[in-house]
Amino acid sequence: MSHVTRKHTALPKAQILIEALPWLTRHRGKTVVVKFGGNAMVDGDLKAAFAQDIVFLHHAGLKPVVVHGGGPQISAALDRHGIVSEFKAGLRVTTEEAMDVVRMVLAGQVQRELVGLLNEHGALAVGLTGEDAHTITATRHRPTIDGQPVDIGRVGEITAIDTGAVEALLADGRIPVVSSIARSQDDGHVYNVNADTAAAALAAALGAETLMVLTDVEGLYEDWPNSDEVISRLTASQLEKLLPELASGMVPKMEGCLHAVRGGVTTARVIDGRVQHSILLEIFTDEGIGTMVVPDDEEAGDAV
């Protein structure tokens, strides 16, 4: 390779690194909670890219915390066990028998695989569930359908977060990987909790700088399905007004973002997990991708 060719290939790389400098300075030492889900969870290349991004954040001086669910993997495992998947009010009906499978899949399969991918890059990741050290506590969630509360089994509503174990791991330079299972507040059982909700609750309790939720869409659309324009920034109040109109799959994600920024998280972002390295693009470039939610006291146009 000639000297000239080398210079031309090296220069754009240097410019990209320099563009990241103000963001590196701003985010250094800050906690970032990332909710892992969607296609990024099942596609091998996307999984590997996700692990690289999280390790990059760690080495760039940020403190990433990963929270995950595992809808597709749970459905597949329930099928194998001959247990029918039933949904009410958009939530999986979780019998005692199904809960055993949920726990096994989240803590024993999805989490293990993610910890393994992260640890290919060093002795970094430690897996835990919300049961460990009382990290997530919940009570039975009874959604309302047609004005009536409905029993959907061992589905939990988060009542408390204890960040002690997660903070100890971060202080030790580790990457916590948290499965969205909660201990019960009032009996000896465990609950299946929505991973978007768990990530938001953990981000608020940790005083995180950012909550990032990976999705299978580009962000929050301005006028779906008439337009595919993505809203790049909005305030908590603007989001609250939009919530009743959102597609059911986006509701827990956007409610999570709202809860996070109202709970002291500086920004909450929904980003496209189908794009390799979307996390790095969002955190370290001027453009950013996806939709960012900011607190009401910041004008939506000025937030960064």
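Just so it is clear, the structure is predicted and the values come from calculations on it, not from any experiment.

1. Side note on the packing of helix α3 (residues 71-80) against helix α4 (residues 96-119)
Helix packing geometry: the angle between the two helix axes and the distance between the axes. Two elements in contact, α3 and α4, have axes separated by 9 Å at closest approach and are oriented at 125 degrees. Here α3 is positioned oblique relative to α4, judged by the angle of their axes. Helix-helix and strand crossings are classified by hand; for α3 and α4 the assignment is right-handed. On the side of α3, the interface is formed by Gln 73, Ile 74, Ala 77 and Leu 78, while α4 contributes Ala 98, Val 101, Val 102, Val 105, Leu 106, Gln 109 and Val 110. Taken together, the residues that form the contact of α3 with α4 break down as nine nonpolar, two polar and no charged.

2. Describing a negative patch on the surface
A contiguous patch of negative charge, built from Glu 218, Glu 222, Asp 223, Asp 228 and Glu 229, is present on the exposed surface. With respect to the element layout, Glu 218 can be found in the loop between β13 (210-215) and β14 (233-235). Here Glu 218 falls in the partly exposed class, since its relative accessible area comes to 40%.

3. A word on the environment of Gly 127
Counting through the fold element by element, Gly 127 comes out in strand β5 (residues 125-129). Separated by 102 residues in the primary sequence, Gly 127 and Thr 25 have C-alpha atoms spaced 29 Å apart. The contact partners of Gly 127, leaving out residues within four places of it in the chain, are Gln 111, Arg 112, Val 115 and Val 177.

4. Points about the confidence of the model for the protein chain
A low pLDDT score tells you not to read the predicted coordinates there in detail. On average, residues of the protein chain carry a pLDDT of 90, and 94% of them reach 70 or more. The low-confidence segment residues 300-304 (pLDDT under 50) makes 14 contacts with residues lying over four places distant or belonging to another chain.

5. Remarks on the packing of aromatic side chains
For the coordinates displayed, the defined rule picks out two aromatic pairs. When the ring of Phe 56 is compared with that of Phe 284, the centres are 5.7 Å apart and the planes differ by 65 degrees; the resulting orientation is edge-to-face. Taken together, the residues Phe 56 in helix α2 (residues 44-59) and Phe 284 in helix α9 (residues 278-284) connect sequence positions 228 residues apart. Just above the ring of Tyr 191 sits the side chain of Arg 154; from NZ or CZ to the centre is 4.3 Å.

6. So, the pairing of strand β11 (residues 181-184)
Pairing analysis gives two bridges linking strand β6 (residues 136-140) to β11, with the strands arranged parallel. Bridged to Thr 137 within β11 is Arg 183. The pairing of β11 with strand β12 (residues 190-192) spans three bridges and is classified as antiparallel. Directly across from Ala 182, in β12, lies its bridge partner Tyr 191. Between β11 and β12, which pair antiparallel and follow one another directly, the connecting turn spans five residues.

7. Focus on the layout of surface pockets
Of the volumes computed, that of the second largest pocket is approximately 240 Å³. Forming the walls of the second largest pocket are Ile 16, Leu 17, Glu 19, Ala 20, Phe 56, His 277, Leu 280, Leu 281, Phe 284, Thr 285 and Glu 287. When residues of the lining of the second largest pocket are traced back to their parent elements, those giving at least two are α1 (3-27) and α9. No other element matches the four residues that α1 contributes to the lining of the second largest pocket. Tallied by class, residues from the lining of the second largest pocket come to seven nonpolar, two polar and two charged.

Calculation rules
- Residues numbered from 1 in each chain as written.
- Predicted model: local features only at pLDDT ≥ 70, side-chain atom pairs only at ≥ 80, totals over all residues.
- Heavy atoms only, no water.
- Axes fitted to C-alpha atoms, helices over the stretch in contact; angles between N-to-C directions.
- Helix = DSSP H or I, 4+ residues; strand = E, 2+ residues; numbered from the N terminus.
- Parallel < 35°, antiparallel > 145°, perpendicular 65-115°, else oblique.
- Left-handed = near helix turned anticlockwise from the far one by under 90°.
- Contact = heavy atoms within 4.5 Å.
- Nonpolar A, V, L, I, M, F, W, Y, C, P; charged D, E, K, R; others polar.
- Patch = residues over 30% accessible without salt bridge, like charges linked within 9 Å, V, L, I, M, F, W, Y side chains within 5 Å.
- Areas by Shrake-Rupley, 256 points an atom, 1.4 Å probe, with all protein chains shown as cover.
- Salt bridge = Lys/Arg side-chain N within 4 Å of Asp/Glu carboxyl O.
- Lys, Arg positive; Asp, Glu negative; His and termini not counted.
- Charge placed at Lys NZ, Arg CZ, Asp CG, Glu CD.
- Buried < 20%, exposed > 50% of the residue type's maximum accessible area, 1.4 Å probe, protein only.
- pLDDT = per-residue confidence, 0-100.
- Phe/Tyr/Trp six-rings, centres within 6.5 Å; stacked < 30°, edge-to-face > 60°.
- Lys NZ or Arg CZ within 6 Å of the ring centre and 35° of its normal.
- Pairing = 2+ DSSP bridges.
- 1 Å grid on protein atoms, 1.4 Å probe; cavity = no way out; pocket = protein on both sides within 12 Å on 5 of 7 lines; lining within 4 Å.
- Points joined across faces, edges and corners; volume = space filled by probe spheres on them.

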